[in-house]
Structure formats: structure tokens, C-alpha cells
Amino acid sequence: MNRLVLGGFLTLLMVGIGLFWWQGRAEVEQGAPPPLAEAPAPDPAVLPTADASNMRGPAPPEASELSREQQRFFRYDRDRDRRITRNEMLSTRTSAFRDLDKDGNNLLTFEEWAVTTVDKFEQADANRNGELDQKEFATTAPRPGATPACRC
Ligand SMILES: [Ca+2]
Ligand SMILES: [Ca+2]
Ligand SMILES: [Ca+2]
């Protein structure tokens, strides 16, 4: 008998919870704004227009011009702390040094420093005897109009 009463009570409780939930949803839907009236679809053949004759937009952003000296300064000041350290000043030479340091040991031998002349000699030494005769040396003459890239 108790089970029957408990079962009936639980059934009524579940129906009450369901009814409460259903009423809550209904109230939310009643409080919702009415649907907007659909605007007529624009005619794709008509371009949009606006009268902007008395309007003025904001000025576009512009960067301030740096003076030539400021540009030179910031080219060295890599960390932008407005001070140029010795390393920052010398770092502009790093790339050229690494180009010459063929074996990458951070030491520049005479052969590495004079690489242009070394390469020129080796190209001119056609018979690979370690010397240039007059005919071989003539091939090292600068071409007319050519400017030397390096005076190494
Ligand atoms: Ca700096
Ligand atoms: Ca080296
Ligand atoms: Ca030779």
C-alpha cells in the first residue's frame, strides 16, 4: 500500500515538474520580441548611393617622418633602447665577416681574407702548376667597364 502511494506521489511530482518546465518555456516565448518584418529584397540592378557632400571622414593615420640621422641611428639600435652598444655597432659587419670565414671557425686566415684574389689566381692557372705565365695572367685583367667589387 505504501509503495502504491509512493509511486502515485512520484508520478504526480514528475508531472508537476514537467508542467512547470513547459510553462517556463511558454513564458519565455511570450516575452520574446515579435519577429521583425522582412525588408523587401534590394534590387541587385540598383547600386547603393549616399549623399556624403557635407560629411568628412577621419584623417588616415600617418607615420612621422624620421630624419636621415634618426634612420641611421635606428639601423644600428637593434633593441630600440635608444643606445647603441659596441656589439650593435659591430653587428653590421657580421654578415660580411661570415661570408669571408669560409670554414666558420670565427678566425679569418689570410687565404679567407684574400678569397677574391685566391679565386682569381686559381681560375687563371689553367695548367694547375701554381704559377701564372703571361698568357694566364692576361686572363685576370679587368674587363673594360667593370668596377671591382672588393679591393681585397
Ligand atoms: Ca640598443
Ligand atoms: Ca676561418
Ligand atoms: Ca700556370
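The structure displayed is predicted, hence computed values, not measured ones. Residue indices begin from 1 for each chain and proceed along its sequence in written order. Chain A is the first chain written and ligand 1 is the first ligand written, with later ones labelled in order. Whole-chain, interface and lining totals are the exception, using all residues; otherwise, since this is a predicted model, local features are given only for residues with pLDDT of at least 70 and side-chain atom pairs are given and counted only at 80 or more. Hydrogens are left out, water is left out, and the side-chain values use all remaining heavy atoms of the structure.

Q: Let's hear about the overall build of the protein chain: which residues, and what values?
A: The secondary structure listing takes helices from DSSP runs of H or I that are at least 4 residues long and strands from runs of E that are at least 2 residues long, numbered from the N terminus. Within the protein chain, the regular secondary structure consists of 7 helices and 0 strands. Overall, the protein chain shows an N-to-C arrangement of helices and strands of α-α-α-α-α-α-α. Taken over C-alpha atoms, the radius of gyration comes to 43 Å for the protein chain, far larger than the 15 Å a tight globule of 152 residues would show. For the C-alpha atoms alone, the extent of the protein chain along its principal axes is close to 125 × 70 × 45 Å. The rule is simple: take the accessible area with a 1.4 Å probe, protein chains only, and divide by the maximum for that residue type; under 20% is buried, over 50% is exposed, in between is partly exposed. Out of the 152 residues belonging to the protein chain, those deemed buried represent 9%. Counted over contacts in the protein chain with a minimum sequence separation of 6, partners at least 24 positions apart contribute 4%. Radius of gyration means the value over C-alpha atoms here, while the globule rule gives 2.2 Å times the residue count to the 0.38 power. The contact rule is simple, with two residues in contact once any of their heavy atoms fall within 4.5 Å.

Q: Account for the coordination of the calcium ion (ligand 2), with residues named and values stated.
A: Keep in mind that water is not among the atoms, so a site may look incomplete; donors are the N, O and S atoms within 2.8 Å of the metal, or 3.2 Å for Na, K and Ca. Bound to the calcium ion (ligand 2) are the protein donor atoms Asp 101 (OD), Asp 103 (OD), Asn 105 (OD1), Leu 107 (O), Glu 112 (OE) and Glu 112 (OE), situated 2.1 to 2.5 Å from the metal. Around the calcium ion (ligand 2) sit 6 donor atoms, and with donor-metal-donor angles ranging over 54 to 157 degrees the site reads as irregular. Under the classification used here, a metal with four donors is tetrahedral if each angle lies between 85 and 135 degrees, square planar if opposite donors are over 155 degrees apart and the others between 65 and 115, a six-donor metal meeting that same test is octahedral, and anything else is irregular.

Q: Please set out unusual backbone geometry residue by residue, giving values where relevant.
A: A positive phi angle, close to 55 degrees, is found at Arg 80, a residue other than glycine. Within the fold, Arg 80 resides in the loop between helix 2 (68-76) and helix 3 (86-90).

Q: Would you mind going over the coordination of the calcium ion (ligand 3) in detail, with residue names and values included?
A: Looking at the calcium ion (ligand 3), the protein donor atoms are Asp 125 (OD), Asn 127 (OD1), Asn 129 (OD1), Glu 131 (O), Glu 136 (OE) and Glu 136 (OE), and they sit 2.2 to 2.7 Å from it. Its 6 donor atoms give the calcium ion (ligand 3) angles of 51 to 154 degrees at the centre, a pattern that matches the irregular case. Sequence positions of the residues that donate to the calcium ion (ligand 3) give the spacing D-x1-N-x1-N-x1-E-x4-E.

Q: Go over the packing of aromatic side chains, please, and point to the residues and values.
A: Any two of the Phe, Tyr and Trp rings considered here, Trp counted by its six-membered ring, make a pair once their centres fall within 6.5 Å; the pair's planes then place it as stacked at under 30 degrees, edge-to-face at over 60, or tilted in between. A full pass over the atoms with the stated rule returns 2 aromatic pairs. Measuring from ring centre to ring centre gives 5.5 Å for Phe 73 and Phe 74, while their planes differ by 85 degrees; the resulting arrangement is edge-to-face. Accessibility expressed as a relative area gives 28% for Phe 73, which makes it partly exposed. Phe 74 gets classed as buried once you look at its relative accessible area, which sits at 17%. Arranged with centres 5.7 Å apart and planes meeting at 45 degrees, the rings of Phe 110 and Trp 113 form a pair that is tilted. Of this pair, Phe 110 and Trp 113 both sit in helix 5 (residues 110-113), 3 residues apart, roughly one helical turn.

Q: With reference to specific residues and values, describe the environment of Phe 110.
A: Owing to a relative accessible area of 59%, Phe 110 belongs among the exposed residues under this scheme. Taking the C-alpha atoms as reference points, Phe 110 and Gly 57, 53 residues apart in sequence, are found 64 Å from one another.

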